[in-house]
Amino acid sequence: MSNIIEFPGIGIGPFEIDPIVIKNVFWSGRDIAWYGIFVMLGILSGIFYSFWRGKKNNGIVVDDMMDIAIFSIPAAIIGARLYYIIFKPRPDMFKTFYDIIAVWEGGLAVYGGIILGFLAGFLVCKYKKISFLKVFDSAAPAVMLGQIIGRWGNFTNAEAYGIATGLPWGMSINGAEPVHPLFLYEILWNLIGFIIINLIYKKKKFDGQIFLTYISWYGFGRMFTEGIRGNDTLKLGVFRISQIVAFLCFVIGIALFVLLFIKYKNQKLENEAYEGVYTAAKNKLPAEIDADDDKTDEADEPEKAKNAENDAKNE
C-alpha cells in the first residue's frame, strides 16, 4: 500500500511512495521492494569500498577481503534478524518457523548485523592470520556507507520515525501529525561521520583507530535518535535496547581509543629514544676509531725510534 509523505513545514510534498517496485516477480509470486533494493545497494557499495580501502591503506589483498565478506555478510543478515526477534516489538510476532525466517516481510535491526558481522570477520581474520584491526579499519567506513544508502529503505517504507515534533522539517505520514524523520537524521549523521573518517584516514596513527572512531561516532548519535523514536523501537522491558547498546558502544569505543592511543604514543617515544641512541652511537663511532688510531700511532713512536737507531748502528 502506498503512503503519502509530506514535509509541511518546509513546503515539500505531499507525494505518494509505493514501497513495492515490482509485484509478483516471475515464478516466486513475491514482490521486489524498494527496501530490499536499497539494502542490496548499501551492501554492494560497502563491499567495493572495503576492498579499495583495505588494499590502499592496510595492505590487505582483495582475495582476503572477499573471503571475509563471504562470511561476514550472511552473518550480519542473520544477526540483524536475531536481534529483531530477541527484542521483538510484540510478543506474538513469531509463532512459526516461517515467521522467524521471513526477512522479506521486514524485521532487521542494524546493531544485530554490526555485532554478528564483525564477530564473523574477527574469526575469519584469526583463521587466516590477518590483522583484524586492519580489516576492521577497512570495513567500518564501508558499513557506514551501507547504512547511509540502506536507510533510504526506511523512507520508502514510511518507517523508523520518531515522536511528534513542531520543527520545520517534521515529516507527515498519510496526513498524520508531523514526526521526527529519524531515518534522515541517521543518514546525515553517518554522512558527516563518513566524510570525517575519510579525512582522518590520511593521518591514521594506529590500527583500530578508524573502527573505534566509527562505533563511538555512531553510538553517540544513535543514543539521541533512539531516545526520540516512536513505539516501534525494540525494548528490553522498559529500556530501549538499541539506546543501551549505543551508549555502550560510545563508552567502550572511547575507552579503547584512548588506551590504544596511549600505547601508540609510548611506542613512538620508545622508537624515538632508540633512534636517538642509535644516531648518537653512529656519529660517535668514526671519531672513536680516529682517536684509537692516533693513540696507536703514538704508542708505536718509541718502537719506531728504537728500530731506526738499531738500523743506524748496523750500518
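Values in this document were obtained by computation on a predicted structure and should not be read as measured data.

*Asks:* Explain the side chain of His180 here, please?
*Replies:* With respect to the secondary-structure elements, His180 resides in the loop between β5 (172-173) and α7 (182-200). Side chain to side chain, His180 and Tyr185 meet in a polar contact 2.8 Å long. Leave out the neighbours within four places in its chain, and His180 touches Tyr161, Gly162, Ile163, Ala164, Thr165, Leu167, Tyr185 and Ile228.

*Asks:* Please explain the packing of helix α4 (residues 110-128) against helix α5 (residues 132-150) as it appears in this structure.
*Replies:* Between two packed helices, the angle of one axis relative to the other and the distance separating the axes together describe the packing. Their axes nearest at 11 Å, the elements α4 and α5 cross at an angle of 155°. Considering their axes alone, α4 and α5 lie roughly antiparallel with respect to each other. Crossing of α4 over α5 shows right-handed handedness. Only Phe132, Val135, Phe136, Ala139, Ala140, Val143 and Gln147 of α5 make contact with α4, whose side of the interface consists of Val110, Ile114, Phe118, Gly121, Phe122, Cys125 and Lys126.

*Asks:* What's the story with the pattern of salt bridges in this structure? I'm lost.
*Replies:* Pairing of side chains with opposite charge becomes possible as their charged atoms draw close. What the rule picks out here adds up to eight salt bridges. For Asp207, the salt bridge identified is with Lys204, shortest N-O distance 3.3 Å.

*Asks:* Even after reading the chapter, I still don't get the packing of aromatic side chains, so can you show me in this structure?
*Replies:* Centre distance and the angle of the planes are the two values used to describe a pair of aromatic rings. Applying the stated criterion to the full structure yields 24 aromatic pairs. Ring geometry for Phe155 versus Phe183: centroids 5.0 Å apart, planes at 25°, classification stacked. Taken as a pair, Phe155 in helix α6 (residues 152-156) and Phe183 in helix α7 lie far apart in primary sequence, 28 residues in all. Take Phe155 and Phe183: they sit in the same class, and that class is buried. An aromatic cluster is defined as three or more aromatic residues linked by ring pairs; in this entry it consists of Phe118, Phe122, Phe132, Phe136 and Phe211. Seen from the ring of Tyr201, Arg53 lies directly overhead, with NZ or CZ sitting 4.0 Å from the centre.

The rules behind the values
As a convention, each chain's residues are numbered from 1 in the sequence order in which they are written. Residues qualify for local features only when their pLDDT is at least 70, as the model is predicted, and side-chain atom pairs are given and counted only at 80 or more; totals for whole chains, interfaces and linings, by contrast, use all residues. No hydrogens and no water enter the side-chain calculation; it runs on all heavy atoms of the structure. We count a stretch as a helix when DSSP gives it H or I for four or more residues in a row; a strand needs E for two or more, and each element gets its number in order from the N terminus. As used in this structure description, the phrase polar contact means that two N or O atoms lie within 3.5 Å; if the pair is within protein, one of them must be able to donate a hydrogen and the other to accept it, and residues adjacent in sequence are counted only when both atoms belong to side chains. Pairs of residues are marked as contacts when any of their non-hydrogen atoms sit within 4.5 Å. The axes are straight lines fitted to the C-alpha atoms, using for helices just the contacting stretch, and the angles between their N-to-C directions are given from 0 to 180°. Here is the rule for angles: anything less than 35 degrees is roughly parallel, anything more than 145 is roughly antiparallel, 65 through 115 is roughly perpendicular, and the remaining ranges are oblique. Take the far helix as the reference: if the near one is turned anticlockwise from it by less than a right angle, the crossing is left-handed, and if turned clockwise, right-handed. By salt bridge we mean one thing: a side-chain nitrogen of Lys or Arg within 4 Å of a carboxyl oxygen of Asp or Glu. Note on aromatic contacts: the rings of Phe and Tyr and the six-membered ring of Trp form a pair at centre separations within 6.5 Å, being stacked when their planes are under 30 degrees apart, edge-to-face when over 60 apart, and tilted otherwise. Classification of residues uses two cut-offs on accessible area relative to the type maximum, computed with a 1.4 Å probe and protein chains only: under 20% is buried, over 50% is exposed, and between them is partly exposed. Counting as a charge over the ring demands two things of the Lys NZ or Arg CZ atom: a distance within 6 Å of the ring centre and an angle within 35 degrees of the ring normal.

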